Structure formats: structure tokens, C-alpha cells
Amino acid sequence: MKFTCSKNELKDALQVANRAVAVKPQTPILAGVYLRAEGSTLEMQSNNFSLGIITKIAVNTEVPGSVVVVGKYFQEIVAKLPGDTVTISQEEGDNIVYINSGASKFNLLAMSAEDFPKVKSQEVITSFKVRASSLKNLIRRTVFACAAEDASRPIFTGCLFELNGNSITVAATNTHRIAIQKDTISDEVSEMSFIVPSGTLRDLARMIDASSDNLVTVDYSGKYIAFTFDNIFMTSRLIEGQYPPYQKVVPESCDMHVKINVSEMLAAVDRVTVISKETEYNTIRFIFTQDGLDISSNSPDVGKAEEHVNATLEGADIDISFNVKYIAEVLSVLESENCRIGLNKPLYPIDIREEDNDDYIYIVTPVRTNN
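A short tour of the structure in this document, coming up.

Reading guide: rules and limits
Residues numbered from 1 in each chain as written. Predicted model: local features only at pLDDT ≥ 70, side-chain atom pairs only at ≥ 80, totals over all residues. Heavy atoms only, no water. Pairing = 2+ DSSP bridges. Helix = DSSP H or I, 4+ residues; strand = E, 2+ residues; numbered from the N terminus. Axes fitted to C-alpha atoms, helices over the stretch in contact; angles between N-to-C directions. Contact = heavy atoms within 4.5 Å. Core = buried A, V, L, I, M, F, W, Y, C linked by side-chain atoms within 4.5 Å. Buried < 20%, exposed > 50% of the residue type's maximum accessible area, 1.4 Å probe, protein only. Arc of directions from axis to C-beta. Polar contact = N/O pair within 3.5 Å; in protein donor to acceptor, adjacent residues only side chain to side chain. Salt bridge = Lys/Arg side-chain N within 4 Å of Asp/Glu carboxyl O.

**Some thoughts on the sheet that holds strand S24 (residues 357–364)**
- The 7 strands lie next to each other as S11-S12-S24-S23-S22-S16-S20, forming an open sheet whose pairing is antiparallel. Among the strands making up the open sheet, the edge pair consists of strand S11 (158–173) and strand S20 (311–314). Across the sheet, the mean angle separating the axes of adjacent strands is 20° when strand polarity is ignored.
- Here 6 bridges tie strand S16 (residues 256–261) to strand S22 (residues 338–343), and the two strands are oriented antiparallel to one another. Its bridge partner being in S22, Val258 is matched across the sheet by Ile341.
- The strands that helix H3 (residues 132–140) touches are S11 and strand S12 (177–197); relative to S12, the one it contacts most, it runs at about 155°.

So this is what it looks like as C-alpha cells:
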């Protein structure tokens, strides 16, 4: 095997492929990236059995062939090469891959391509297309609300996708908060739902160009989901289980309504975080009054922080506390200048939405304190 390609294109493709390389491989081959050069194309594959990726770049192939190299080392070497182009070669029957660029020469131990578990396409049940920018936004505005890895409740470690006709809704919750984003797709599909692991979605969002008007093809195969865009094919095992009826936690109405500037509130919350992170539950206190919003946090071992933000309140004053992370994360994904906050009693969940957009809903449960 021997081929030459752009160093930067190879580096970028390896960043994509390495997302599916096993971190703690059960066998050495799962730590590798499969390379197959033929004609004008280099195909790279990685597969940890939960996530599989295929990506392709243009190359000039002198001798076609395939091989597997350890992804971690291959990526580090390519990233540091001095030249604009890279030549990769391997002699037939040899277990060494040679990497040449400029004045640099490396060799890596190789593994047999025949032993690599190739990424396979599953039988498609339903297929639809979604704008790349739309899919990235659906992920960005929800995935942060997923639970951390928890083997006892795996359904909360992923995002629920619901489709019906031209409508798509993505929801994520860790049982203390929930983020819901709605959008539309051009295709009409039958009513369906599935749960995608949050890790898969984070990797997918990093690969998608938010400014792109390209379409992402999504193939649902029962236990697997696949995303195809640009020169990338990505397949992931879905999370099995019944997602709870999350719509029931959205308040039907609110007694109090607040309008507040998002950037001013986020900046104040960020400053108070210096103290709140030293409290037992990372707690921040909100007091909504006719004069605005007073934000504070008190740590007996560190000190106290107080902030005031102008806000418009309709209804009675209310004193309520939250995990500061749950507030800061949603404020960082809001896109409107102002947001609307709906409140009821002090220990009832609150409803946060953008000023003129009900396609995004965020519900968060307060923290019980001794205030």
C-alpha cells in the first residue's frame, strides 16, 4: 500500500475517526483505525461496537491496500508533521507502516486489516433528512440536560427523538430538569421515537458545520441510528427503554411571569458561581421582586456574593433557589435578547423560554434550602 494526501485533510479526518476508537479496548484491534486506499479515495473506519464511523478523503494511490494502525499515535504523529503532504506506505507482508512528510519519517506497528470489525450499515426502517444547522441546534439546546452515565437508568443518558409528519422534537432530562427543542423537517415520516446516547450526539455536533445548508440523512434501523453527511457515515446503537411522558412536567400555567435580559442574567450568575461552587449543592438564590432580580450565594467557609439584575415581574414576589449549573447552562444556549420565566410556588418547577419562541422549553426544579 502506498498513497499521498494533504496533511491537513488527513489530520481533520483522523479527528473524526478517532471519536469511535475504543478508549479501553477489549482487544488491540479496537484501538486502531482501519485505512483502505484505492484509486483517489482513502477510507478510514473506527468501531467500538457502540459507535462506528466511516470517513473519506481524496488521495493519490500508487499501490492500493488496507491496514490498521493505532489511532491515538497515528493522529498525534500526523498532527505534528511539518510538510503539507503525507505519504503513507507499507510493504506487502510487513507489519510496519511508514509515514513521511517533509524531513520527518515515522514508522508504526500495523495490525491486519482482515481482523478489523468493519462498520456495517443496518437494514433501514425509516429514513429522513434534516438540515445540518437544524440538527446541530437540536442537539446543542438539549444534550446538556442529559444525566451523566448511570447504568441503572440508561434512558436518561440519551436524548429522545420524536417524529411525526414534518415535526421533530428532541427532549433530554436528568429528572431534575428537562430541555425540549422543536423543529421541522422537509420529509414526512410516520410517528416514531428513539433514544440516542448523549455521547453520540456530542460527537455528532462537533462534526457538523453549523453554517452549512447541507442535509444530514438519518437512517433508523430499530436498534441503531445512522447519520450520513459530507464524507462521513456515523452509526450508533440506540438506548432501549420507555422514555417517561415528559410533557406532563411542563406547567399548564404560571402565576408569576418575569422578563429579563439573558446576557445580563448570565453574567451575574457566572460571577456568583465563584461562591456557589463552594456550597454543598452548588446553590444559588433568586429573589424576584417588583424591583428586579436579586441573585446571591452564601458559603460559611468562603463568603457571600450578591448581584442585582433589572427585570420585569408580573405577580407576587418570590424567593427560590437552584443548582447554579442548571441555570447557567440554559442561559448559555438561549438566542433571544430577553427570556421569559414562569413561576408558581417556591418549590414548583419553573418554565424558561425565549422571548418570542415557544419551540424551546426548559423546565428546572428548585432546590430546597434553609433560607
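**Brief notes about the nonpolar core**
- In this structure, Phe286, Phe288 and Ile341 are the most contacted members of the largest nonpolar core, which totals 76 residues.
- Among the nonpolar cores identified, the runner-up in size contains 27 residues, and Ala13, Val21, Val59 and Ile77 belong to it.

**Some points on helix H2 (residues 71–80)**
- Among all positions in H2, only Gly71, Phe74, Ile77 and Val78 are buried. Seen along its axis, H2 keeps its buried residues to an arc of 135°; they face one direction. The outward face of H2, more than 90 degrees from its buried face, is lined by the exposed residues Lys72 and Lys80.
- Where the residues of H2 are buried, they touch helix H1 (7–17), strand S2 (32–38), strand S6 (65–70), strand S7 (85–89), strand S8 (96–101) and strand S9 (104–111).

**Quick notes on the side chain of Asn261**
- Position of Asn261 among the secondary structure elements: in strand S16.
- A polar contact is formed between the side chain of Asn261 and the side chain of Ser263, at a distance of 2.7 Å.
- Of note is the side chain of Asn261, whose polar atom sits 2.9 Å from the backbone nitrogen of Glu264.
- Those residues in contact with Asn261, other than ones at most four positions away along the chain, are Glu337 and Asn338.

**Here we look at unusual backbone geometry**
- Phi angles above zero are rare outside glycine, and Phe49 is one such case at about 80°.
- With respect to the secondary-structure elements, Phe49 resides in the loop between strand S3 (41–47) and strand S4 (51–58).
- One non-glycine residue with positive phi stands out, namely Asp230, at about 50°.
- Position of Asp230 among the secondary structure elements: in the loop between strand S14 (224–229) and strand S15 (232–237).
- The class for Asp230 is exposed, based on a relative accessible area of 53%.

**Structural notes on the sheet that holds strand S19 (residues 303–309)**
- Read from one edge to the other, the open sheet built from 4 strands follows the order S19-S18-S17-S21, with strand pairing classed as antiparallel. Each end of this open sheet is capped by a strand with a single partner; those strands are S19 and strand S21 (318–323). Neighbouring strand axes in the sheet, compared pairwise and without regard to direction, differ in orientation by 20° on average.
- Both strand S17 (residues 283–289) and S21 contribute to a ladder of 6 bridges, which runs antiparallel. Along S21, the bridge assignment pairs Arg285 with Ser321.

**Some points on the pattern of salt bridges**
- This model, assessed by the stated rule, comprises 15 salt bridges.
- Two residues, Glu354 and Arg141, come together in a salt bridge whose shortest N-O distance is 2.7 Å. Of this pair, Glu354 sits in strand S23 (residues 350–354) while Arg141 sits in the loop between H3 and S11, and the two are 213 residues apart along the sequence.
- A salt bridge links Arg177 to Glu329, with the shortest nitrogen-to-oxygen separation between them at 2.7 Å. Residue Arg177 is located in strand S12, and its partner Glu329 is located in helix H6 (residues 324–331); the two are separated by 152 residues in the primary sequence.
- The network of salt bridges with common partners includes Arg340, Asp351, Arg353 and Asp358.

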